[in-house]
Amino acid sequence: MKRFLGSMVPSVVCVLAAAFLVMGAGCERQDPTPLVLSFEEITSPAGPGSGEPNFFVSDDGRLYVSWIETASDGYTLKFSTREGDRWSEPRTIATGDNWFVNWADFPSVVADADGALSAHWLVKSGDDTYAYDIHIAHSQDGGKSWSDAFKPHTDGTKTEHGFVTMLPWSGDRVLLTWLDGRKFAAAAKSGEGDGDGPGGPGAELTLRAALMDREGRLYEERSLDERVCDCCQTSGVRTPNGAVFAYRDRSSNEIRDISIARFYKGEWQEPVTVFEDGWKIAGCPVNGPAVAAQKKRVAVAWFTIANETARVKVAFSKDEGKTFDPPVTVDDGDPLGRVDMVMLDDGSVLVSWMEFGDQGAADIRIRRIQPDGTSEPSMAVTQTSRERAAGFPQMARTGNKIYLAWTVPGDPPSIHTAVSSLGR
């Protein structure tokens, strides 16, 4: 099921269209005839049986979307690029019949400055449900051919390795973080663990990082945080002096708030909590953060149910994530979370999230937040199912266009895409 709103009250339209000021348009807040931010569904590059969409925007503004298609004999990881007003013919990255395919832990594709591509997906390593490895391959011809797959982890344990964030780095290297189960495996082997899998109170995963070159060689592999939430996505962005990675942390007394790890001027900084919500939960909420950046401005958006109240929040930093202002509430009162975010040229952000709808449905909503914390009216872009099979809607900005991708459950499920211009 889906719904596109064909009309909105003027205040909503002007607030969302205020971003056009940075593009040279002339909408004023008091203008009675503001510009319209209107999403139009476009033909999706993904076929039947598709899910787990993921966007990436390269330095030259090219938009990539990757996804998994399911067939009777296994899985295929594909990608497409936006070429003018249409998606390119999809290209296959990898296929397999023993993959770990999950609504929350999805593959990705990134492109570096010279056009080389890197892709990751997840492959089962043992009989346990959460025994799987990260596989990464590289392409130097635009995705026509791909290298053999490499693993960025060297522990060899049959445990969880996933929730990857990759960023193109200098030269031929990619900087990546992931959630890693080797500590949990060691505890279970020694008898110190309680044997529960990811999501349970005894599962202790770490956040690890490494640089990987196109030959699969690892550099500076290390642990960033020794105890993190075990089923939440990570998110990362480059900044002028490094990178910022956001993730859901996990304290010894099960507080699972959002933290960041900064790679600043070639050195990893001690992780810090973005804001102390104090959400205590004895299992993973499967609801990771999103981070966006524009020069030294960084914003982090996240979901929490601290104090038994569901909220989507966003916090801004002016110093590449060193400090953050107090967060602003984004949602409309009944959110599921599943956030994403893009930043506009003036430092404001568009945050997307899912809000409970009627009869098992969920709205995919967007709200613009100014750097000073000013919250502006939201708009519902479309509607989908609230079930896990609907996955995590994705949002990307390239030039003066905002793109959305989301999964509509069904038999078979399918990925839908939409676009809106930041202009008249």
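Keep in mind it's a predicted model, so treat the numbers as computed, not measured.

(A) Structural detail: the side chain of serine 259. Secondary-structure assignment places serine 259 in strand E16 (residues 258-264). For serine 259, a relative accessible area of 1% corresponds to the buried category. Residues within four places of serine 259 in sequence aside, it is in contact with Phe245, Ala246, Tyr247, Asp249, Val272, Thr273 and Val274.

(B) Representation of the sheet that holds strand E23 (residues 335-343) within the structure. One open sheet holds the 4 strands; their spatial order is E23-E24-E25-E26, and the pairing between them is antiparallel. The sheet terminates laterally at E23 and strand E26 (379-385), the two strands that pair on one side only. Looking at each pair of strands side by side, their axes are set apart by 20 degrees on average, direction ignored. Bridge count for strand E24 (residues 349-356) against strand E25 (residues 361-369) is 8 bridges, and the pairing is antiparallel. Paired with valine 349 across the strands is isoleucine 369, a residue of E25.

(C) Local environment of the sheet that holds strand E20 (residues 297-304). Strands sit in the order E19-E20-E21-E22 across an open sheet of 4 strands; the sheet is antiparallel. Two strands bound the open sheet, and with one partner strand each, they are strand E19 (290-294) and strand E22 (328-329). Pairing analysis gives 5 bridges linking E19 to E20, with the strands arranged antiparallel. Of the residues in E20, the one forming a bridge with alanine 292 is alanine 299.

(D) Fine view of the environment of glycine 126. Assignment of secondary structure puts glycine 126 in the loop between strand E8 (117-124) and strand E9 (132-139). Note on glycine 126: relative accessible area 21%, which makes it partly exposed. Measuring from C-alpha to C-alpha, the distance between glycine 126 and asparagine 98 comes to 9.9 Å, with 28 residues separating the pair along the chain. Once you skip the residues sitting within four places of it in the chain, glycine 126 turns out to touch Ala131 and Lys158.

(E) Highlighting the packing of aromatic side chains. In total, this model carries 13 aromatic pairs according to the counting rule given. A ring pair is formed by phenylalanine 79 and tryptophan 146, whose centres lie 6.3 Å apart and whose planes are at 85 degrees; its orientation type is edge-to-face. Taken together, the positions of phenylalanine 79 in strand E4 (residues 74-83) and tryptophan 146 in the loop between E9 and strand E10 (161-168) put the pair 67 residues apart, joining distant regions of the chain. A centroid spacing of 4.8 Å and a plane angle of 45 degrees characterise the contact between phenylalanine 263 and tryptophan 268, whose relative ring orientation is tilted. In this pair, the class of phenylalanine 263 matches that of tryptophan 268, namely buried. Through successive ring pairs, a cluster of aromatic residues spans Trp169, Phe245, Phe263 and Trp268. When the ring centre of tyrosine 264 is taken as origin, the NZ or CZ atom of arginine 262, which lies over that ring, is 4.7 Å away. For arginine 338, the ring lying beneath its charged end belongs to phenylalanine 392, and the centroid distance is 5.8 Å.

(F) Main features of unusual backbone geometry. A cis geometry characterises the amide bond from aspartate 411 onward to proline 412, with omega recorded as 10 degrees. You can see proline 412 is positioned in the loop between strand E28 (401-408) and strand E29 (414-421). A positive phi angle, near 55 degrees, is found at arginine 338, a position not held by glycine. By the secondary structure assignment, arginine 338 is in strand E23.

(G) Summary view of the pattern of salt bridges. Applying the stated criterion across every chain yields a total of 27 salt bridges. Note that arginine 256 and glutamate 254 form a salt bridge whose closest N and O atoms lie 2.9 Å from each other. In this structure, arginine 256 and glutamate 254 share a single accessibility class: buried. Several salt bridges converge on common partners, so that one network encompasses Lys183, Glu204, Arg227, Asp230, Arg250, Glu254 and Arg256.

The rules behind the values
- Residues numbered from 1 in each chain as written.
- Predicted model: local features only at pLDDT ≥ 70, side-chain atom pairs only at ≥ 80, totals over all residues.
- Heavy atoms only, no water.
- Helix = DSSP H or I, 4+ residues; strand = E, 2+ residues; numbered from the N terminus.
- Buried < 20%, exposed > 50% of the residue type's maximum accessible area, 1.4 Å probe, protein only.
- Contact = heavy atoms within 4.5 Å.
- Pairing = 2+ DSSP bridges.
- Axes fitted to C-alpha atoms, helices over the stretch in contact; angles between N-to-C directions.
- Phe/Tyr/Trp six-rings, centres within 6.5 Å; stacked < 30°, edge-to-face > 60°.
- Lys NZ or Arg CZ within 6 Å of the ring centre and 35° of its normal.
- Salt bridge = Lys/Arg side-chain N within 4 Å of Asp/Glu carboxyl O.

Just geometry here; none of it tells us what the structure is for.
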